[in-house]
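# What the coordinates show
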Amino acid sequence: MTSTWGDGSVAGEPKDVVQRLRDAMAGGVLSFPLTAFHADGSLDPDGYREYVRGQLAAGPGALFPACGTGEFFSLDEDEYRQVVAIAVEEAAGATPVVAGVGYGWAQAARFARAAEEAGADALLVLPHYLVAAPQDGLVAQLERIAARTSLPLIAYQRGQVAFTAGSLARIARLPGVIGLKDGHSDLDRLQRLTLAAPEDFLFFNGAATAEIQARAYAAVGVPAYSSAVHAFAPEIADAFFAALGAGDHGTVDTLLRDFYVPFVELRDLVPGYAVSLVKAAARLRGRPVGPVRAPLTDPCAAHLDDLGTLLRTGLGLVGASL
């Protein structure tokens, strides 16, 4: 399946995808949609399609299905193929679709083939499974994946994956590797990476609840960011993005103080809430996303009450309602 952009041109060439993503990132936050499951934990394709339509209606810069927020780690290959295909169908060429791949390079290559067949425009390479690895190994991992797909790759450094400036320069020379998502929030390291990269290399902020650090990332030349809040409250995410872009620091500070910081404090109470709390918030808004899959757990009743109060506060700040 070949992806065609809204202007009629055919996507797929790395330089073309870089420019499309760069333009998209400048125009909106990056959406990482939740994957919908039925109450019994099985995939809910219809619920997912409905949910993705809502995400796209909010006008994100790009759509990243089957990544961390989308519980990639819990999907088998058939489910993954369905999730990516639905995202591509609903985006209909108007919004770039970047699918997650991961585990070891051999498994990542299989998921990459499925994403390519489904029509994805690029791939986000999630951190490999379990083991720590030297820099040569991190580079080799991307080399092997890049050699097995025609889709452009964006590396994701988080957890056990952290590139040095020298390794970043090496992966930037690999055919098809077009960018880096950073989840470490080490701004000293990140500044060194941006300086080591080619001018057209893409960077974006992938910290958990990235808005908290959006101004700091922008100061080192990385203004684009993913937004978990967009997965359940695009009204809040878009208001923050607009205020940040306009230099409206009063609104930015209000949203941070009264919504984002309390949300992070609630998120940090339980491991896995970076996904399960987001999914619970989407359910509170009537989105058909269902529960999380093990090993994640849904929030307890007390935390759901706190989440509902916080969500009403955040939506009220931007003139929206639950």
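Use the structure listed above.
Anyway, here's the lowdown on the structure attached to this text. (Residues numbered from 1 in each chain as written. Predicted model: local features only at pLDDT ≥ 70, side-chain atom pairs only at ≥ 80, totals over all residues. Heavy atoms only, no water.)

According to the stated counting rule, one finds 16 salt bridges in the structure shown. Ionic pairing is found between Arg-285 and Glu-235, a salt bridge with its closest N-O pair at 2.8 Å. Taken together, the residues span a long stretch of sequence, with Arg-285 in the loop between helix H11 (273–284) and helix H12 (301–317) and Glu-235 in helix H9 (residues 234–246) at a distance of 50 residues. Measuring nitrogen to oxygen at the nearest pair gives 3.6 Å for the salt bridge that ties Asp-258 to Arg-257. The exposure class of Arg-257 is exposed, given its relative accessible area of 53%. Among the charged side chains, a network of salt bridges with common partners joins Arg-49, Arg-53, Glu-89 and Glu-90. (Salt bridge = Lys/Arg side-chain N within 4 Å of Asp/Glu carboxyl O. Helix = DSSP H or I, 4+ residues; strand = E, 2+ residues; numbered from the N terminus. Buried < 20%, exposed > 50% of the residue type's maximum accessible area, 1.4 Å probe, protein only.)

Contact geometry for helix H10 (residues 249–267) and H11: axes closest at 9 Å, N-to-C directions at 120 degrees. Judged by the inter-axis angle, H10 sits oblique to H11. Our pair here, H10 against H11, has a crossing hand that is right-handed. For the pair H10 and H11, the contacting residues are Phe-263, Leu-266 and Arg-267 in the first and Tyr-273, Ala-274, Leu-277 and Val-278 in the second. Tallied by class, the residues present in the contact of H10 with H11 amount to six nonpolar, no polar and one charged. (Axes fitted to C-alpha atoms, helices over the stretch in contact; angles between N-to-C directions. Parallel < 35°, antiparallel > 145°, perpendicular 65-115°, else oblique. Left-handed = near helix turned anticlockwise from the far one by under 90°. Contact = heavy atoms within 4.5 Å. Nonpolar A, V, L, I, M, F, W, Y, C, P; charged D, E, K, R; others polar.)

On to the nonpolar core, then. Tyr-80 and Phe-232 are the most contacted members of the largest nonpolar core, which totals 108 residues. Considering each element in turn, this core owes the most residues, eight residues, to helix H3 (residues 77–91). Phe-232 has contacts with Phe-259, Phe-263, Val-278, Ala-281, Ala-282, Arg-285 and Leu-311, leaving out every residue within four places of it along the chain. (Core = buried A, V, L, I, M, F, W, Y, C linked by side-chain atoms within 4.5 Å.)

Turning next to the side chain of Ser-31. Assignment of secondary structure puts Ser-31 in strand E1 (residues 30–31). At 2.7 Å, the side chain of Ser-31 forms a polar contact with the side chain of Gln-55. Ignoring any residue separated from it by four or fewer positions in sequence, one finds Ser-31 in contact with Gln-55, Pro-60, Ala-62, Leu-63, Phe-64 and His-230. (Polar contact = N/O pair within 3.5 Å; in protein donor to acceptor, adjacent residues only side chain to side chain.)

In this section: H11. Judged by how many residues are buried, H11 sits mostly within the fold: nine of 12 residues are covered. On its buried face, H11 is in contact with H10 and H12. The positive-phi residue at the C-terminal boundary of H11 is Gly-286, with phi of around 80 degrees.

It is worth spelling out the sheet that holds strand E2 (residues 62–63) at this point. Neighbouring strands of a sheet are bound in pairs by backbone hydrogen bonds; such pairs are parallel or else antiparallel. Sheet architecture is open: three strands sit in the order E2-E1-E8, paired in parallel fashion. Because the sheet does not close on itself, it has two edges, and the strands there are E2 and strand E8 (226–227). By the bridge criterion, two bridges tie E1 to E8 in an arrangement that is parallel. Residue Ser-31 lies in a different strand from E8, and its bridge partner there is Ser-227. (Pairing = 2+ DSSP bridges.)

A separate point is the sheet that holds strand E3 (residues 98–101). Taken together, five strands build an open sheet; the order of strands is E3-E4-E5-E6-E7 and the sheet is parallel. Pairing within the sheet leaves two strands with one partner each, and these edge strands are E3 and strand E7 (202–205). Averaged over all adjacent pairs, the angle separating strand axes in this sheet is 25 degrees, with direction ignored. When E3 meets strand E4 (residues 122–125), the two strands line up parallel, connected through four bridges. Counted as the bridge partner of Val-101 is Val-125 from E4. Those strands touched by helix H7 (residues 187–196) are strand E5 (153–157), strand E6 (177–182) and E7, and its axis lies near 165 degrees from that of E7.

Nonpolar side chains collect at one region of the surface, where Tyr-129, Leu-130 and Val-131 lie side by side and expose about 360 Å² of accessible area between them. Mapped onto the elements of the fold, Tyr-129 is located in the loop between E4 and helix H5 (135–146). (Patch = residues over 30% accessible without salt bridge, like charges linked within 9 Å, V, L, I, M, F, W, Y side chains within 5 Å. Areas by Shrake-Rupley, 256 points an atom, 1.4 Å probe, with all protein chains shown as cover.)

With that settled, consider the packing of aromatic side chains. In this structure the tally under the stated criterion is 14 aromatic pairs. For the pair Phe-72 and Phe-111, a centre-to-centre distance of 5.0 Å together with 65 degrees between the ring planes defines the contact as edge-to-face. Of this pair, Phe-72 sits in the loop between E2 and H3 while Phe-111 is found in helix H4 (residues 105–118), placing the two residues 39 residues apart along the sequence. Exposure remark for Phe-72: the relative accessible area of 4% places this residue in the buried category. Overall, the relative accessible area of 5% leaves Phe-111 in the buried class. Within the aromatic cluster, the residues linked to one another by ring pairs are Tyr-225, Phe-232, Phe-240, Phe-241, Phe-259, Tyr-260 and Phe-263. Cation over ring: Lys-181 sits above Tyr-156, and NZ or CZ is 4.2 Å from the ring centre. (Phe/Tyr/Trp six-rings, centres within 6.5 Å; stacked < 30°, edge-to-face > 60°. Lys NZ or Arg CZ within 6 Å of the ring centre and 35° of its normal.)

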